[in-house]
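What follows is the residue order along each chain.
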Amino acid sequence: MLNENPINLNWKNKLDDVDGLSGEILPDKNAAWKKLHHRLQPKRSRINALWYWAAAASILLAIIISILPQNKKQDEFVKTEQIHLTPKKEFPEEVIPVESRKELAKGLAEMESRAITIKDIQLKIEAPSSKDSIQKMALISAELDVQNIAQPLQIIEQPTVQEMPVAKAIAVLGNVQKLKVVHVNELGDAPPEIHSRPFIADYRTVQIKLINQEVYTNASSATNNPGFNFFKTTNAPSN
Amino acid sequence: MEIAQLVKEAKQGSASAQKCLFDLLSDKMMLVCRRYVKSEEDAEEVLLDGFYKFFKNLAVFNFQGDAALYVWLKKIMINECLMLLRKKNVFTIVTEAAAENFPLEAEALNNLSAKEIFDLIVQLPVGYRTVFNLYEIEGMDHKEIASLLGIAEGTSKSQLSKAKLLLQKNLLQKGTGYVKRKSH
């Protein structure tokens, strides 16, 4: 709402019409505009920055992808080169006399034969679990040319730890401790000492299975003994 | 380029058109801001805030001529100035009884140049100056001024009469130049 004063006064028009007074203008119009422009375009600059970083990341990724297979190829090339460059170990004929050379050759032959026996022993210890692997092992031993070995390779099929007959062990235990089945009502009232003290044997039935297939089981549940009495049962196959 | 074309391009987000509008109108708007805000730094801040709002809301502005655009921008600037003054808590105007409306010697002011009138207004204290600007130059009534500044209507009236008295006093103090021009 306008007041009752006449608005078209000369002095007011003078103030309105003037475009700018000498002392009352912006000192640096360009700097002011830059500030304003920066404020007007904050989101766009953020988006630009986002695009910039996304583009940079994609370029970097592309470069890495293109370089990686080349590196692998280079590695293979280097390996093959190394294989070719390894010199053969030969005894220089000029330096070593003939007799000592023969002795050395003998010693080497012995060492090789020993090495083969050690290998075979290791194979025996490994004890393959499946039939396929046994066949493979046999093939490998044939390739190794095991004529020098005093005893031929014997591969014994042994049951693995997973195949251990746990049921058998439980059956053996069952033979040892055949408990009479009693109804709860037949037991009558429990003595006060037993109620006051927790009966450890009720919840401590321990069964220890070792690799040599000996099973240790405590018999405290049967004897009502709070201590640890172990019974030993062997499930190993008799050889 | 015409202002109408500049406004159209600025609405579409053209930075060059916005800059042209800023260059065209900033000096005039700076003068408006300086009439309300004494400090040059504050006036510049207000000017930038005002132009920011102007460009942000330009899309909803219906251009009906240069004068309409100027009035709208001036209104934005005045609002920004009042916001800054309120923020700085400069309106410590004590409620006063309504004073009699003292008539302003318009004839005396008419003889002055724009610069002289501007200097006289700027010399007034902030409370007087604000009410004087809003009533005498922007043409608002006391009710509107009171609601804008958060003061009583009577206070607005008394501030205006005091502003006019002080202006008159300053005019007389200005002395010889004014008297000489009046005698011609």
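Residues numbered from 1 in each chain as written. Chains lettered and ligands numbered in written order. Predicted model: local features only at pLDDT ≥ 70, side-chain atom pairs only at ≥ 80, totals over all residues. Heavy atoms only, no water.

Time to look at the overall build of chain B. Assigned secondary structure in chain B consists of 10 helices and zero strands. Looking at chain B as a whole, 53% of its 184 residues are labelled buried. (Helix = DSSP H or I, 4+ residues; strand = E, 2+ residues; numbered from the N terminus. Buried < 20%, exposed > 50% of the residue type's maximum accessible area, 1.4 Å probe, protein only.)

Before going further, it helps to spend a moment on helix α7 (residues 126-137) of chain B. Compared with the 16 Å implied by 1.5 Å per residue over 12 residues, the 15 Å span of α7 of chain B between its first and last C-alpha is a close match. With respect to burial, α7 of chain B is a largely interior element, 10 of its 12 residues being buried. Those residues of α7 of chain B that sit buried are Gly 127, Arg 129, Thr 130, Val 131, Phe 132, Asn 133, Leu 134, Tyr 135, Glu 136 and Ile 137 of chain B. If you follow the buried residues of α7 of chain B, they end up packed against α1 (10-17) of chain A together with α2 (15-36), α4 (66-87), α6 (114-123), α8 (142-149) and α9 (153-174) of chain B. Directly after α7 of chain B, the chain includes Gly 139 of chain B, whose backbone phi takes a positive value near 80 degrees. (Expected span 1.5 Å × (residues − 1). Contact = heavy atoms within 4.5 Å.)

With that settled, consider the interface of chain A and chain B. Across the contact, 32 residues belong to chain A and 45 residues belong to chain B. Where chain A abuts chain B, roughly 3700 Å² becomes buried across the two surfaces, and 57% of that area is made up of carbon and sulfur atoms. Considering only the surface of chain A that becomes buried against chain B, Trp 11, Glu 24 and Trp 33 of chain A emerge as the three largest contributors, covering 20% of it. On the surface where chain A and chain B come into contact, there are two salt bridges. Lys 29 of chain A serves as the salt-bridge partner of Asp 27 of chain B, at 3.1 Å between the closest nitrogen and oxygen. (Buried area = accessible area lost by both parts, 1.4 Å probe. Salt bridge = Lys/Arg side-chain N within 4 Å of Asp/Glu carboxyl O.)

The subject of this paragraph is the packing of α2 of chain B against α6 of chain B. All names here are of chain B. Put simply, α2 and α6 touch, their axes get as near as 8 Å, and they point 35 degrees apart. Touching Leu 31, Arg 34 and Arg 35 of α2 are Phe 118, Ile 121 and Val 122, all from α6. Its residues placed into classes, the contact of α2 with α6 shows four nonpolar, no polar and two charged. (Axes fitted to C-alpha atoms, helices over the stretch in contact; angles between N-to-C directions. Nonpolar A, V, L, I, M, F, W, Y, C, P; charged D, E, K, R; others polar.)

It is worth spelling out the confidence of the model for chain B at this point. With 85% of its residues at a pLDDT of at least 70, chain B reaches an overall mean of 83. Helix α3 (residues 40-56) of chain B holds the highest mean pLDDT among the elements of chain B, 92, whereas helix α10 (residues 176-183) of chain B holds the lowest, 48. (pLDDT = per-residue confidence, 0-100.)

Attention now moves to the nonpolar core. By size, the foremost hydrophobic cluster in this structure holds 65 residues, and its most contacted members are Leu 21, Phe 51, Phe 54 and Phe 55 of chain B. If sequence neighbours within four positions are ignored, Phe 51 of chain B has contacts with Leu 36 of chain A together with Leu 21, Phe 22, Leu 25, Ser 26, Met 29, Leu 73 and Met 77 of chain B. (Core = buried A, V, L, I, M, F, W, Y, C linked by side-chain atoms within 4.5 Å.)

All names here are of chain B. In this structure the tally under the stated criterion is nine salt bridges over all chains. Across the pair Asp 23 and Lys 19 runs a salt bridge whose closest N-O atoms are separated by 3.1 Å. With a gap of four residues between them, Asp 23 and Lys 19 both fall in helix α2, about one helical turn apart. We classify Asp 23 as partly exposed; its relative accessible area is 29%. The partner of Arg 35 in a salt bridge is Glu 138, with the nearest N and O atoms 3.5 Å apart. Taken as a pair, Arg 35 in helix α2 and Glu 138 in the loop between α7 and α8 lie far apart in primary sequence, 103 residues in all. What makes Glu 138 buried here is its relative accessible area of 16%.

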